[in-house]
Structures are given as C-alpha cells and as structure tokens.
Amino acid sequence: MTVDQSFYIGYISKTRGLKGEMQLFFEFEDYEILDMDVLFLEVNKKLVPYFIDTIKLQKNSTAYVTFEDVDHIDKAQPLVRKKVYLPNEKMPERDPDDFRYTDLIGFLVIDENHGELGEIIDVQEFPQQFVATVDMDGKELMFPLSDDLILGIDGEEEIIEVNLPEGLIDLYNE
C-alpha cells in the first residue's frame, strides 16, 4: 500500500501507560464513522499495517488504541508522531449537499475590490470561527470565513468571492 492508495486520518500523539496503549489524534472530520480494523502508519516513507487490538473513541478528536504485537511502552514509543492512514476503499461516502469549510481548500479567492488574491491552502477551525489561509504571491493571507465577508461560492468553478475589510490586504502587502 502506498500513500496514493490511502487517505490521511491523523497521527499517534503520545503513549499512555506501560502496556503499549497510544493516543491517536484525528485530523479527519468524521472519524466516528471510520471503519478501523487495521491502520497504516508511515514508517521510513512506507506504510506499515498495524492491526487494532482495542480502540476507544473520545469526543475530542482522539482515540486510545492498542495494536496487536505492541504490548509495551518500549514498542509503542517509536510510533509516536507517525502519520496514520486508511485504504481509499474505506473512505466514507459523503452526501454531495454536505458542504464544509474545509472543502474550500484549492478554491481561488477573488476579492470585490482587489481582484484575484490566490488559492486557499488551508482552513483552520478556531473556537469562534473558521479561518482560511490564502497563498498570495508567496505570502500567507488569513481571513475569517464569515457570512459577512463571503459574497458567493461557485463549487463548479472552485471560486469564492469575498469582500474583505478595508486595509486587511494592505497589511500583508507591506
């Protein structure tokens, strides 16, 4: 299995206890519905299968997991910070009408006053709002994804039209 044949779900964040239990931090939104019997960890640029012995999902985008044959902290420690993948066949189907802010990654941002700004390279969730990061000629422009600022989203053309506050773009051009 290669990275092209799989999708990223998160990483091993730390060990827990002495019996090989580890904390898995999910960066995949719908982690609760994933079919996880075997996870693939990236070790030396190769995906290595680890069969799940136990997994306990938590509400904070984490799970406590034990793998078969990893029964001691000394065996678990080298797996900390390893990226975790699942095969593409296990990617959950999403309703086409289920649109999320993270779907905007790759969209072109066009400001009403400044024209084309660049492509959205990241969307982060903060406690009060989502924030988009745009690659604007090698500089990172960040702005909140707020209904007040978004004029329209064209899903087919992958364009988002915005009216950013006066002076925001100038801050990044200095």
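Residues numbered from 1 in each chain as written. Predicted model: local features only at pLDDT ≥ 70, side-chain atom pairs only at ≥ 80, totals over all residues. Heavy atoms only, no water.

Overview of the domain arrangement of the protein
Size of an interface: often given as the accessible area lost when the parts come together.
Consideration 1: Annotation of the protein at the domain level lists domain 1 (3-90) and domain 2 (101-173).
Consideration 2: Domain 1 and domain 2 are separated by 33 Å when their C-alpha centres are compared. (Domains from an automatic or database assignment.)

Let's talk about the UniProt feature "domain: Ribosome maturation factor RimM PRC barrel" (unreviewed entry) in the protein
Consideration 1: Here, UniProt's "domain: Ribosome maturation factor RimM PRC barrel" (unreviewed entry) annotation points to residues 102-168.
Consideration 2: This span, residues 102-168, is 1% helix and 55% strand, and a straight line between its end C-alpha atoms measures 22 Å. (UniProt positions renumbered as here; feature names shortened; annotations may be inferred. Helix = DSSP H or I, 4+ residues; strand = E, 2+ residues; numbered from the N terminus.)

Remarks on the UniProt feature "domain: RimM N-terminal" (unreviewed entry) in the protein
Consideration 1: What UniProt calls "domain: RimM N-terminal" (unreviewed entry) maps, in this numbering, to residues 9-89.
Consideration 2: Secondary structure across residues 9-89 comprises 5% helix and 53% strand; the distance between its end C-alpha atoms is 14 Å.

Some points on the packing of aromatic side chains
Consideration 1: Under the defined criterion, the tally for this structure stands at six aromatic pairs.
Consideration 2: Residues tyrosine 50 and phenylalanine 67 carry aromatic rings whose centres are separated by 5.2 Å and whose planes lie at 40° to one another, so their mutual orientation is tilted. Of this pair, tyrosine 50 sits in strand β4 (residues 46-57) while phenylalanine 67 sits in strand β5 (residues 62-67), and the two are 17 residues apart along the sequence. Like tyrosine 50, the residue phenylalanine 67 is buried in the burial classification.
Consideration 3: With a centroid separation of 4.9 Å and 45° between ring planes, the pair formed by tyrosine 101 and phenylalanine 130 is classed as tilted. One end of the pair, tyrosine 101, is in the loop between β6 (83-87) and β7 (108-111); the other, phenylalanine 130, is in strand β9 (residues 130-136), and 29 residues separate them in sequence.
Consideration 4: A relative accessible area of 25% places tyrosine 101 in the partly exposed class.
Consideration 5: Its end group placed over the ring of tyrosine 64, arginine 16 keeps NZ or CZ at 3.8 Å from the ring centre. (Phe/Tyr/Trp six-rings, centres within 6.5 Å; stacked < 30°, edge-to-face > 60°. Buried < 20%, exposed > 50% of the residue type's maximum accessible area, 1.4 Å probe, protein only. Lys NZ or Arg CZ within 6 Å of the ring centre and 35° of its normal.)

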